[in-house]
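Observations on chain architecture
Listed here are the chains, written in short residue letters.
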Amino acid sequence: MTQASKVIGAGVILALSATTATAATWSDTSIGYRFGTEFTEPANDEDIQKHIISFTHASGYAYGQNFFNLDLLQSDRDDPAAGSETGAMEAYLAYRHQLHYGGLFGEALSFGPVRDVALTAGFDLNTKNTAFAPRKRQFVVGPTLKFDLPRGFLDVSLFYSREWNNCGFCDPSRVTFDPYAQLNVAWGVPFDAGPVPMKFQGFFNLNTSKGEDGFGNDTSTERLLRTSLMVDVGQLAWGESNNLWAGVGYEHWRNKFGNADGPGVDTDAATFNLEWHF
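Right, let's walk through the structure included here.

1. Thoughts on the overall build of the protein
For the protein, the helix and strand inventory stands at three helices and 13 strands. Radius of gyration (C-alpha) of the protein: 19 Å, near the 19 Å computed for a compact globule of 278 residues. Viewed in the frame of its principal axes, the protein has a C-alpha envelope of about 50 × 45 × 35 Å. Expressed as a percentage of its 278 residues, the buried residues of the protein come to 44%. Partitioning the intrachain contacts of the protein with sequence separation of at least 6 by distance along the chain shows that 55% fall at a separation of at least 24. Total accessible area computed for the protein in this model is approximately 13,800 Å², and 61% of it derives from carbon and sulfur atoms.

Written out as structure tokens, the structure reads:
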């Protein structure tokens, strides 16, 4: 079984358990597609074209909520698979679980613009079939402030994070990073632009230095912004809201994976985005 198959299998198990372990009070599941031509990878001075398929699930229950996302990324030949002239394939899985103060104790811990406080824990798993052969394993835990918005959500979290990875060019190949802090901001805000239903969504991560990488180089502070502006095409075309969305996105990545020097460590990529919710 390939590493990508293992990640996909773990993702399917998590998605099923997230929906069946507890009685959901709400849920939203979607398949997404992103396409861009200006992605980058460290130590690679080429702009890379990527097709990205996503499976996303979010649900709430009496005590909190789940979030799961699996991205399958197909690069063009400028980001080749190991021993091949074809593009590399990557699988990236992220899972987060929140326990809400209000759900646990019967009354929300609200103050100012904050409507409740949560404890969030989760992990990221990654594999990619390049010569570098990354296999990221990341664990996060920390508090989340859930802001009170008229529509949608805004969560701001401060996580303690540990990360392990693989380096196909290093000896030893297994890399254990120092603990580091991650500031995470996630949002999804629906709004109407005249008669057009839209939403603005995305996330921002700020990671502090995580010590030395597999080559013995010091890592740097890393920041990643991924956001999109979407139109509810289903509502406009056949009157069914939150069914089919289309729009544009943007990825801003600095010091990718903690690398501060060399080509490919900074990304500014526009994307075309689709989402089908069911």
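Moving on, there is more to tell.
2. Notes on the state of the cysteines
Scanning the model with the defined rule gives one disulfide in all. The disulfide that involves Cys167 links it to Cys170, with 2.1 Å between the sulfurs. Around the S-S axis, the bridge from Cys167 to Cys170 shows a dihedral of about 65° and counts as right-handed. The class for Cys167 is buried, based on a relative accessible area of 2%. On the accessibility criterion, Cys170 (10% relative accessible area) is buried.

3. Brief notes about the pairing of strand S12 (residues 244-254)
Burial of S12 is extensive: eight of the 11 residues sit out of reach of the surface. Sheet topology note: the strand S11 (residues 222-232)/S12 ladder contains 10 bridges and is antiparallel. Residue pairing across strands places Arg223 opposite Arg254, the latter belonging to S12. Relative to strand S13 (residues 267-277), S12 runs antiparallel, the two being bridged by 10 bridges. Bridge pairing in S13 places Leu244 opposite Trp276.

4. A short note on a negative patch on the surface
There is a patch of like negative charges on the surface, built from Glu38, Asp45, Glu46, Asp47 and Asp78. Sort the elements by how many residues they give to the negative patch and strand S2 (residues 44-61) lands first, with three residues. Within the secondary structure layout, Asp78 lies in the loop between strand S3 (64-75) and strand S4 (89-100).

5. Structural notes on the side chain of Lys128
Among the secondary structure elements, Lys128 is positioned in strand S5 (residues 114-128). Overall, the relative accessible area of 9% leaves Lys128 in the buried class. A distance of 3.2 Å separates polar atoms of two side chains, one belonging to Lys128 and the other to Glu41. When near neighbours in sequence (up to four residues on either side) are disregarded, Lys128 contacts Glu41, Lys50, Ser75, Asp79, Ala88, Met89, Glu90, Ala133 and Pro134.

6. Notes on the packing of aromatic side chains
The final tally for this structure, using the stated rule, is eight aromatic pairs. Across the ring face of Trp245, the terminal group of Lys199 is positioned such that the distance to the ring centre comes to 4.4 Å. The ring of Phe177 carries Lys210 above its face, with NZ or CZ at 4.7 Å from the centroid.

7. Details of the pairing of S3
On a regular strand, one side chain projects to one face of the sheet and the next to the other, so that they alternate. Taken across its 12 residues, S3 has nine buried, putting it largely inside the fold. By the bridge criterion, 12 bridges tie S2 to S3 in an arrangement that is antiparallel. By the bridge assignment, Phe55 is partnered in S3 with Leu70. Turn length for the S2-S3 hairpin, with the two strands adjacent in sequence and antiparallel, is two residues. Relative to S4, S3 runs antiparallel, the two sharing 11 bridges.

Criteria and thresholds
- Residues numbered from 1 in each chain as written.
- Predicted model: local features only at pLDDT ≥ 70, side-chain atom pairs only at ≥ 80, totals over all residues.
- Heavy atoms only, no water.
- Helix = DSSP H or I, 4+ residues; strand = E, 2+ residues; numbered from the N terminus.
- Rg over C-alpha atoms; globule rule 2.2 N^0.38 Å.
- Buried < 20%, exposed > 50% of the residue type's maximum accessible area, 1.4 Å probe, protein only.
- Contact = heavy atoms within 4.5 Å.
- Areas by Shrake-Rupley, 256 points an atom, 1.4 Å probe, with all protein chains shown as cover.
- Disulfide = S-S within 2.5 Å.
- Pairing = 2+ DSSP bridges.
- Patch = residues over 30% accessible without salt bridge, like charges linked within 9 Å, V, L, I, M, F, W, Y side chains within 5 Å.
- Salt bridge = Lys/Arg side-chain N within 4 Å of Asp/Glu carboxyl O.
- Lys, Arg positive; Asp, Glu negative; His and termini not counted.
- Charge placed at Lys NZ, Arg CZ, Asp CG, Glu CD.
- Polar contact = N/O pair within 3.5 Å; in protein donor to acceptor, adjacent residues only side chain to side chain.
- Phe/Tyr/Trp six-rings, centres within 6.5 Å; stacked < 30°, edge-to-face > 60°.
- Lys NZ or Arg CZ within 6 Å of the ring centre and 35° of its normal.

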